[in-house]
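# Structural features, examined
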Amino acid sequence: MLGYVTVGTNDLERAAAFYDAIAKEMGVGRMMEFPTFIAWGEMDGAPGIAATKPFDGEAATVGNGMMVALEAKDTAQVHRLHQIALENGGGDEGAPGPRGDADENGMVFYASYFRDPDGNKLNAFTMAKA
């Protein structure tokens, strides 16, 4: 159902550096690029993410309550994505670790939270053995 998620940016070059690093760790690259828009992922693959300057020409603002969740392959990748975000101009919103209690199968939601350089909130998550 989900094709891709778009976040707004006021500095596409800065957003590109941030998302290029995140995409590289996730094993994908740029799949579409225009002067005001870049999308990362794979055509016909899992949902991707895009950064764009707003079409209306107004300043991009952060959506309150909006967050993009990136599915990591394991807890080590959750940690790497969090570190990559911080090394590329992102801000910390929650260190990697388990959230909540384990389910009936002994699995726990394991996540980190961070913001991109424009303030958009993201997380990296996986389900892991508690």
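Criteria and thresholds
- Residues numbered from 1 in each chain as written.
- Predicted model: local features only at pLDDT ≥ 70, side-chain atom pairs only at ≥ 80, totals over all residues.
- Heavy atoms only, no water.
- Axes fitted to C-alpha atoms, helices over the stretch in contact; angles between N-to-C directions.
- Helix = DSSP H or I, 4+ residues; strand = E, 2+ residues; numbered from the N terminus.
- Parallel < 35°, antiparallel > 145°, perpendicular 65-115°, else oblique.
- Left-handed = near helix turned anticlockwise from the far one by under 90°.
- Contact = heavy atoms within 4.5 Å.
- Nonpolar A, V, L, I, M, F, W, Y, C, P; charged D, E, K, R; others polar.
- Buried < 20%, exposed > 50% of the residue type's maximum accessible area, 1.4 Å probe, protein only.
- Pairing = 2+ DSSP bridges.
- Salt bridge = Lys/Arg side-chain N within 4 Å of Asp/Glu carboxyl O.

A packed helix pair is summarised by two numbers, namely the angle formed by the two axes and the spacing between the axes. Between helix α1 (residues 12–26) and helix α2 (residues 75–87), the shortest axis-to-axis distance is 9 Å and the interhelical angle comes to 165°. Viewed along their axes, α1 and α2 adopt a mutual orientation that is roughly antiparallel. Crossing of α1 over α2 shows right-handed handedness. Residues Phe-18, Ala-21, Ile-22, Glu-25 and Met-26 of α1 pack against Gln-77, Arg-80, Leu-81, Ile-84 and Ala-85 of α2. The residue makeup of the contact of α1 with α2, split by class, is seven nonpolar, one polar and two charged.

Bringing the pairing of strand β3 (residues 37–41) into the picture now. Among the five residues in β3, five count as buried, and that is most of the element. Residues Phe-37, Ala-39 and Gly-41 point to one face of β3 and Ile-38 and Trp-40 to the other, with burial holding for every one of them. Taking the residues that link successive antiparallel strands as the turn, the strand β2 (residues 29–34)-β3 hairpin has two residues. Across four bridges, the pairing between β3 and strand β4 (residues 48–52) is antiparallel. In the sheet register, Trp-40 faces β4, and the bridge partner there is Ile-49. Connecting β3 to the antiparallel partner β4 that follows it, the hairpin turn spans six residues, and Asp-44 within it adopts a positive phi of roughly 65°.

One pass over the structure, following the stated rule, counts five salt bridges. For Arg-80, the salt bridge identified is with Glu-25, shortest N-O distance 2.7 Å. With a gap of 55 residues between them, Arg-80 in helix α2 and Glu-25 in helix α1 connect regions that are remote in the sequence. The closest approach of N and O atoms between Glu-33 and Arg-30, which form a salt bridge, is 2.7 Å. By relative accessible area, Glu-33 is classed as partly exposed at 47%. According to the relative accessible area criterion, Arg-30 is partly exposed, its value standing at 36%. When salt bridges with common partners are traced through the structure, they connect Asp-20, Arg-30 and Glu-33 into a single cluster.

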